[in-house]
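Read off the chains here:
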Amino acid sequence: MTVSSAASVESSSVALLRRLFLSNYLVLVLTVLFFISLAPFTPGFASANNLLGILAYLLPLFIAAIGLTAVMITGGIDLSVTSIIALTSVVGARIMTADGSGGSAAFGLCAMIGLGVALGAMNGLTVTVLRLPAFIVTLVSMMFLSGFAIWLTQSKNIDQLPQAFLQLGKHLPFALTITAVPGIAVHLLLRKTVFGRWLYAIGQNATTAHISGIPTRLITFAAYVLSGFCAALASVLLTGRLETASPVLGREILLDIIGATVIGGTSLFGGRGTIVGTFFGVLFLTVLDNALNLLNLSQFSITITKGSVILFAAVLDTMRQRIARQTV
Amino acid sequence: MSTPLVQFSGITKSYFGVEVLKNISFTLPAGSMTGLVGENGAGKSTLMNILGGNVAVDSGSILLNGKTFVPSTPQESAEHGIAFIHQELNLFPNLTIAENLFLTRFPRATGSPFIDRQTIHRRTSELLAEIGLDVSPQRLVETLSAGERQLVEIAKALSMDARLIIFDEPTTSLSIRETDRLFALISRLRERKLTMIYISHALTDVLRLCDRIVVLRDGEIAGSGRADEFTTERLVTLMVGRTMNQLFPTRSGKPTNQTLLEVSGLTQPDVLRNISFTLKRGEVLGLSGLMGAGRTELARILFGLDPCASGTVALEGKSLNRLSPRQLIQRGFAFLTENRRSEGLCMDASVADNLALTTLTEHGRTTVRWLSNESGRKAMQRIRGVVRLDPKASDNQAVRTLSGGNQQKVVLGKWLLIRPRVFILDEPTRGIDVGAKYEIYRLIYELADQGAGIFVISSEMEELMGLCDRILVMKAGELVDELPREEFDRERILRGALGGTVFQERSS
């Protein structure tokens, strides 16, 4: 090694900054920095209770974002996640409260999952067989399904759900397991399996993928099914945490889910994105939201701040892409 | 002696410590046409990018009309009268011809904020008449053929009072007739004393059109002078830096008599009519024809990408009708498409990911299909060696950053990994330098010698005649002629491809 001079120290620190900037952990680092710098001024921010609260709030968001990440890697989008959350919530609750006994909890859970998968399959079929743009397909699903959920319940919440079911969302270890298992599974699916590689290839260039013999329709379809499945799981957690099934459940978190996925490095144009990145994105947005709430800001300023942060993240990401491309 | 229009002196440029241009000096006399040739990566594009304001020089200077010229943006370069006619055209397909021509400087009707449509349509009509394109100024550009679009590009250059027009591989996507029309226009432009640079791999065109030629090799001028001092052989020698005795490798094997693929009566309304032929094991079969004759369409139908109304395709006697590309790949079909960027590669993905596209399932364990990195990596390394991919290109490098020749080798590698039995190649050497072409021909022969059937579509007659065992000629969706190697005859192929109807083609 050469003797270190002032210049080389400087250039190595520049190199370090550069590596950090291009690193996949940038969002995590920013979250930590944000947390550390705000903790002294924000009452209760660093308390154990608050951190557990952040975690509980984060889990359903993350699980819905897992499915969305897979869809977005193919170059698609799923705007219907939150309406799937709402509809599965009220349908599951209807079934569970039908006879009043606790025994129907398992059946209700299965129905929720089944419904989520079916709705995802419906989106997937429309996108792959009718070849409509994903944006339109899932926008229509969103409108249709939320309308249907409200009609079904006549806009009323459904309470008195079985305790066994509520515990899935309320009891943190359960909720954590329900999130972590699919999280790790999809992470491995994307990183280690042929399915994952195919998903990325389709997002990068669907024509090339098709000509190379990749079953593009089947794989794209599977991504939407996965998204429906994840939305149903998110619905289980949300319904449990709020102890009530609501036809407007999750209505306000759609943009958070999409925003967090994009902050986490998933490209809106497909071909790029990871589950780890999405997790960081969700963490970042949740911590930010929490801090703004603790600071007693009005709902308007919270939304404005969140919007600016997502914009900032998008600008940052574009810069990173540009620099990364030049470096190669 | 008048001042030259452009004078390059001592142009030097490095990227990441690698010198791509070393002390380049030459002049473009006003009113001359200079051919610029060299292999991919020789520095032609960098030099032109400097002139076009996309790239800054490290040292050296450009004089334009005797004055120092340092363009920092493409706009600045355009304002100084430098116009590029690119391989990829810079027109907006969703706008009309007139709108494209006047996009940056729409004239307004006096005293109103609205565009003066009459003026731009009149001016556009004049310009179109000048370049000999007989279409309405209000036609959408997307309804024009590739050749017509190119003419519109030239009209655009003329409308901006260009003093220097740079043609970068203008003929790669043109049919023979469109090429002739382009060349006729170029000679008219020469009579008007416009200065032009002509960049092409088609050396015969360069020799025919230009009065001066500059040969670049590895960022240096390998030779320059009057065009009549050069021959194709001498140009090739200068470009590759060694004597290329032959453009084609020697063929050791021979086609067999065993039928591999049998196509009969393939018909799709308005596309193909009653196409029948056989492909033998170990045979290199060529397909010639004009652009629009249905060659690519035939390839796409054979590969299961497009539907076909009637007819049969059989591989060793087994019917292949209505199979998907995926099922055909499993039976040993491979298809190198004419457009490697949009159909052959994922440009932003790495070399390794692109090579793996066709064979991922082979390297996964059967049940869950986990990627076994070890066997995949081994196959990858082997195939890199087989196609002789540039060793400097790393496995993780995005294919976008590779030269055209290396990109094509990645596509070839991807297909060779499936050990193809029927390999369809559509314009396999388009936009690729002489050295890489030779490598691709070598791979084609190797594969044929191992018993595969090769089906090559090409617009370059020399390529088909040099490479193939047999050539089919296609015209307007029909096979019109078939020539075994002993009967190869340029004129006969052209006659077949042009047929009698060609001069009525545009009258509709």
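Residues numbered from 1 in each chain as written. Chains lettered and ligands numbered in written order. Predicted model: local features only at pLDDT ≥ 70, side-chain atom pairs only at ≥ 80, totals over all residues.

Caption draft 1: The arrangement of the overall build of chain A in detail. Helix and strand counts for chain A stand at 14 helices and 0 strands. Across chain A, helices and strands are ordered from the amino to the carboxyl terminus as α-α-α-α-α-α-α-α-α-α-α-α-α-α. Against the compact-globule benchmark of 20 Å for 328 residues, chain A has a radius of gyration of 21 Å, which places it among compact chains. Taken across its 328 residues, chain A has 47% of its residues classed as buried. (Helix = DSSP H or I, 4+ residues; strand = E, 2+ residues; numbered from the N terminus. Rg over C-alpha atoms; globule rule 2.2 N^0.38 Å. Buried ≥ 20, exposed ≤ 12 C-beta atoms within 10 Å, placed from the backbone.)

Caption draft 2: The arrangement of the confidence of the model for chain B in detail. All names here are of chain B. The share of residues in chain B with pLDDT of 70 or more is 94%, and the mean pLDDT across the chain is 86. Scored below 50 in pLDDT, residues 500-508 shows 1 contact in the model against residues more than four places distant or in partner chains. Predicted complex metrics record ipTM = 0.83 and pTM = 0.78. (pLDDT = per-residue confidence, 0-100. Contact = placed C-beta atoms within 7 Å.)

Caption draft 3: Summary view of the sheet that holds strand S8 (residues 195-199) of chain B. Residue and element names in this part refer to chain B. Across the sheet, which stays open at both edges, the 6 strands sit in the order S6-S7-S8-S3-S9-S10 with mixed pairing between neighbours. Here the strands that pair on one side only, and so sit at the sheet edges, are strand S6 (82-85) and strand S10 (220-226). Sheet twist, expressed as the mean angle between neighbouring strand axes with direction ignored, is 15°. Direction of pairing for strand S3 (residues 33-37) relative to S8: parallel, over a ladder of 4 bridges. (Pairing = 2+ DSSP bridges. Axes fitted to C-alpha atoms, helices over the stretch in contact; angles between N-to-C directions.)

Caption draft 4: Fine view of the sheet that holds strand S12 (residues 272-280) of chain B. All names here are of chain B. With antiparallel pairing, the 4 strands of this open sheet are ordered in space as S12-S11-S14-S15. Where the open sheet ends on each side, the last strands, each with one partner, are S12 and strand S15 (318-319). Bridge count for strand S14 (residues 310-315) against S15 is 2 bridges, and the pairing is antiparallel. In the strand pairing of S15, Leu315 is matched with Lys318.

Caption draft 5: Examining helix H9 (residues 295-302) of chain B more closely. All names here are of chain B. Where burial is concerned, most of H9 is hidden: 8 out of the 8 residues are buried. Every buried residue of H9 is listed here: Arg295, Thr296, Glu297, Leu298, Ala299, Arg300, Ile301 and Leu302. At the exit of H9 stands Gly304, carrying a positive phi of roughly 80°.

Caption draft 6: Spatial organisation of the interface of chain B and chain A. Taken together, the 27 residues of chain B in the interface contact 19 residues of chain A. At the level of elements, helix H10 (325-330) and helix H11 (340-344) of chain B are the ones that each hand at least two residues to the side of chain B that touches chain A. Partitioning the side of chain B that touches chain A into residue classes produces 14 nonpolar, 8 polar and 5 charged. (Nonpolar A, V, L, I, M, F, W, Y, C, P; charged D, E, K, R; others polar.)

Caption draft 7: The arrangement of the packing of helix H4 (residues 117-131) of chain B against helix H5 (residues 146-159) of chain B in detail. Residue and element names in this part refer to chain B. Running from N to C, H4 and H5 point in directions that differ by 115°, and their axes come no closer than 9 Å. Once H4 is placed against H5, the crossing between them reads as right-handed. Contacts between H4 and H5 pair Leu127, Leu128, Glu130 and Ile131 from the former with Leu151, Ile154, Ala155, Leu158 and Ser159 from the latter. By residue class, the composition of the contact of H4 with H5 is 7 nonpolar, 1 polar and 1 charged. (Left-handed = near helix turned anticlockwise from the far one by under 90°.)

Caption draft 8: Spotlight on helix H13 (residues 275-294) of chain A. Residues and elements named next belong to chain A. Its 20 residues give H13 an end-to-end C-alpha distance of 28 Å, which sits within 8% of 28 Å, the value for a rise of 1.5 Å per residue. Counting buried positions over the 20 residues of H13 gives 17, a clear majority of the element. Positive phi shows up at Asn296, right after H13, with a value of about 65°. (Expected span 1.5 Å × (residues − 1).)

Caption draft 9: Summary view of the nonpolar core. In terms of nonpolar packing, the biggest core is built from 168 residues, with A:Ala64, B:Ile424, B:Ile444, B:Ile454 and B:Val456 touching the most fellow members. The two domains that each donate at least three residues to this core are domain 2 (258-332 + 421-508) and domain 3 (340-419) of chain B. Within the second largest apolar cluster, 59 residues are counted, among which are B:Phe8, B:Leu128, B:Ile165 and B:Leu216. (Core = buried A, V, L, I, M, F, W, Y, C linked by C-beta atoms within 7 Å. Domains from an automatic or database assignment.)

Caption draft 10: Summary view of the packing of helix H8 (residues 172-192) of chain A against helix H11 (residues 216-242) of chain A. Residues and elements named next belong to chain A. It is at 10 Å that the axes of H8 and H11 come closest, and there the two elements cross at 170°. Between H8 and H11, the angle falls in the class roughly antiparallel. For the pair H8 and H11, contact is made by Ala175, Ile178 and Pro182 and by Cys230, Leu233, Val236 and Leu237, respectively. By residue class, the composition of the contact of H8 with H11 is 7 nonpolar, no polar and no charged. (Parallel < 35°, antiparallel > 145°, perpendicular 65-115°, else oblique.)

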